[in-house]
Amino acid sequence: MTRLLTEGGAVAVVDRAAAAAPAKALDVNNPQAKALGYILDTTKVDAKANPMHKADQHCGNCLHYQGKATDPVAPCAIFQGQTVVNKGWCKVWAKKPG
Ligand code: SF4
């Protein structure tokens, strides 16, 4: 815990330990991951179950991917505190603008 004095004089308490906690890899068996069809390899997506899936969709070019397009793993905004693999995919994939 760190106490910081803000401009207004209020004390803000920051839990640095929690903020610095390393993200752990998202387990494909995690209930939320299962519900959203998270898979480690976008080329292995079940086309019948996911008719909207396209071959060029993967975590690395998803709006929710919190790393650079070249990072092999990065946190995902959907799966808070956990990392996903660049070539993975799930049902809430959305194209990263630009
Ligand atoms: Fe990957 Fe995007 Fe799904 Fe996160 S939301 S697991 S980055 S496809």
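For every chain, the first residue of the written sequence is number 1, and numbering continues from 1 along that sequence. Only residues with pLDDT of at least 70 get local features here, since the model is predicted, and only at 80 or more are side-chain atom pairs given and counted; chain-wide, interface and lining totals rely on the full set of residues. Each side-chain value is derived from all of the structure's non-hydrogen atoms; neither hydrogens nor water enter the calculation.

Engineer: Even after reading the chapter, I still don't get the site of the ligand, so can you show me in this structure?
Structural biologist: Throughout this document, a residue counts as near a molecule or strand when at least one of its heavy atoms sits within 4 Å of that molecule or strand. Contacts to the ligand come from Tyr38, Cys59, Cys62, His64, Tyr65, Cys76, Ile78, Phe79, Val84, Cys90, Val92 and Trp93. Taken atom by atom, the bulk of the ligand overlaps the largest cavity. The residue inventory of the shell around the ligand, partitioned by class, reads 11 nonpolar, 1 polar and no charged. With a 1 Å grid spanning the protein atoms alone, the term cavity applies to any set of points in which a 1.4 Å probe fits but cannot get out, the term pocket to an open set with protein on both sides within 12 Å along at least five of seven lines, and the term lining residue to any residue with an atom within 4 Å of a point. The rule for placing a molecule in a cavity or pocket is simple: more than half of its atoms must lie within 2 Å of the grid points. Residues are grouped as follows: nonpolar covers Ala, Val, Leu, Ile, Met, Phe, Trp, Tyr, Cys and Pro; charged covers Asp, Glu, Lys and Arg; every other residue, Gly included, is treated as polar.

Engineer: Just checking my understanding: could you explain the packing of aromatic side chains for this structure?
Structural biologist: Each aromatic ring pair is specified by the distance between its two centres and by the angle formed by the two planes. Between 30 and 60 degrees the pair is tilted, below 30 it is stacked and above 60 it is edge-to-face, where a pair is any two Phe, Tyr or Trp rings, Trp via its six-membered ring, whose centres lie within 6.5 Å. This model, assessed by the stated rule, comprises 1 aromatic pair. Taking 6.1 Å as the distance between ring centres and 55 degrees as the angle between the ring planes, the aromatic pair formed by Tyr38 and Phe79 counts as tilted. With Tyr38 in the loop between helix H2 (31-35) and strand E4 (73-75) and Phe79 in the loop between E4 and strand E5 (82-85), the pair connects residues that are 41 residues apart, well separated along the chain. There is no split in this pair, since Tyr38 and Phe79 are both buried. Strands here are runs of E lasting at least two residues and helices are runs of H or I lasting at least four, both read from the DSSP assignment and numbered beginning at the N terminus. A simple rule labels every residue: compare its accessible area, found with a 1.4 Å probe on the protein chains alone, to the largest value its type can have, and call it buried under 20%, exposed over 50%, or partly exposed in between.

Engineer: When you look at the pattern of salt bridges in this model, what are you seeing that I'm missing?
Structural biologist: It is possible for side chains of opposite charge to pair when their charged atoms get near one another. A pairing counts as a salt bridge when a side-chain nitrogen of Lys or Arg comes within 4 Å of a carboxyl oxygen of Asp or Glu. Counting across every chain of the model gives 1 salt bridge. With a closest N to O distance of 3.3 Å, Asp41 and Lys44 form a salt bridge. The buried category is assigned to Asp41, whose relative accessible area is 16%. Note on Lys44: relative accessible area 58%, which makes it exposed.

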